Amino acid sequence: MLTSISGRSVVITGASRGIGKGIARLFAQKGARVLLVARDKAQVEVTAADIRSAGGLAVALAGDVSRREDMAKMAEVAIASHGGIDILCCNAGIFPSAKLGEMTPNDWDQVLDVNLKGTFLSVDACLPSLRASGRGRVVVTSSITGPITGFPGWSHYAASKAGQVGFVRTAAIELAPDGVTVNAVLPGNIRTEGVDALGADYVTEMTSAIPQGRLGSVADIAFAVLFLASDEAAFITGQTLVVDGGQVLPESHMALKGLE
Ligand code: NAP
């Protein structure tokens, strides 16, 4: 049993749907005060209202993680609404596909701006409050794609996700004296609106590559984030936690054949 997370102030980027919504819902169920951030104002407000109607304490804010002024506003609203920031979940991310030869510098910049620079800008804006918390936590949603695996069409995405892990390792050292831990979860394929948009063939193919025979749920990721945000995880920093149903384990298709 983990120590209560009740009353903690938690900021979650990319929280209007998918994994971020799952993280926000779980933390709110555990009694935390959550600030949900995403670009689409109407959608993020609907998600926060859902959490409130289930008895949670949730506030919504429209903001883009790649804009420094939006991240400053995010920290301001968290402080005004919840008195500070104890936990930051850097989860906002995009995964458009473009193969090398077709990818434009603009495609590259867009993905790196949101996924990697957005992680830095989110941490930077929340830093004074995380330091003041005394038990600050940063949990970054990276991916298996980049740090461990590759997938055609996602060289920019993979670079951004591997870059997040590099960021986590150095940020963990810099913030250790302040009691702030910085870790990353590396999801495999998780059933979200974003993944559903990749099409039924993608979902079927991916399911066949996962030893547990299913895509992950947003709750599978949220529980890993909750652990890394807990008091019990105080001595874990700069680490990555793969949550993928065993997807990265098979050495070849032959390794999965015995499971059919
Ligand atoms: P999703 O269903 O597409 O949701 C993405 C969320 O991020 C939405 O709330 C979206 O809302 C928000 N967002 C996108 N760009 C943003 C920006 N510039 N500023 C603020 N918010 C932004 O995606 P998901 O599948 O839940 O993925 C969430 C994270 O998990 C991403 O970092 C992704 O790389 C990572 N991940 C996912 C999987 C998977 O299988 N699902 C696997 C590995 C890693 P708006 O569009 O309204 O801003």
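Structure: above.
These notes cover the structure that comes with them. Bear in mind the structure is a predicted one, so any value in this text is a computation, not a measurement. Sequence order as written defines the numbering, with residues in each chain counted from 1. Local features are withheld for residues below a pLDDT of 70 in this predicted model, meaning they are given only at 70 or higher, and side-chain atom pairs are given and counted only at 80 or more; totals for whole chains, interfaces and linings count all residues. Where side-chain values are given, they derive from all heavy atoms of the structure, hydrogens and water being excluded.

Elements are defined by DSSP. Helices are runs of H or I of four residues or more, strands are runs of E of two residues or more, and each kind is numbered from the N terminus. Secondary structure assignment for the chain yields nine helices and seven strands. All radius of gyration figures rest on C-alpha atoms, and the globule criterion is 2.2 Å times the number of residues raised to 0.38. In terms of C-alpha radius of gyration, the chain reaches 18 Å, essentially the compact-globule figure of 18 Å for 260 residues. Overall, the C-alpha framework of the chain stretches about 55 × 45 × 40 Å when taken along its three principal axes. Counting only residues that meet the buried cut, the chain has 48% of its 260 residues in that class. Under the convention used here, Asp and Glu are negative, Lys and Arg are positive, and both His and the chain ends fall outside the count. The atoms used to mark charge sites are NZ of Lys, CZ of Arg, CG of Asp and CD of Glu. Counting 22 positive and 25 negative side-chain charges, the chain places the averaged centre of each group 5 Å from the other. For every residue, the accessible area (1.4 Å probe, protein chains only) is compared with the maximum for its type, and the residue is labelled buried under 20%, exposed over 50%, or partly exposed between those bounds.

Here we come to the pattern of salt bridges. One speaks of a salt bridge when a side-chain nitrogen belonging to Lys or Arg is within 4 Å of a carboxyl oxygen belonging to Asp or Glu. Taken as a whole and assessed by the stated rule, the structure comprises eight salt bridges. Note that Glu-45 and Lys-41 form a salt bridge whose closest N and O atoms lie 3.1 Å from each other. Taken together, the positions of Glu-45 and Lys-41, both in helix α2 (residues 41-53) and four residues apart, correspond to about one turn of that helix. The class of Glu-45 is partly exposed, set by a relative accessible area of 37%. One salt bridge in this structure joins Arg-191 and Asp-196, with 2.6 Å as the shortest N-O distance.

Moving on: the site of the ligand. Here a residue is considered near a molecule or strand provided that any single heavy atom belonging to it is located within 4 Å of it. Around the ligand sit 31 residues, and of these Ser-16, Arg-39, Tyr-157, Ile-190 and Thr-192 come closest. Side-chain atoms alone can form a polar contact between residues adjacent in sequence; in general such a contact is a pair of N or O atoms within 3.5 Å, and within protein one must be able to donate a hydrogen while the other accepts it. Contact distances for the ligand include 3.0 Å between a nitrogen atom and a backbone N or O atom of Val-65. Note that an oxygen atom of the ligand is positioned 2.6 Å from one of the side-chain N or O atoms of Tyr-157. Residue assignment for the shell around the ligand shows that the elements contributing at least two residues are α1 (18-29), α5 (155-175) and α6 (193-196). Looking at which element gives the most residues to the shell around the ligand, the answer is α6, with three residues.

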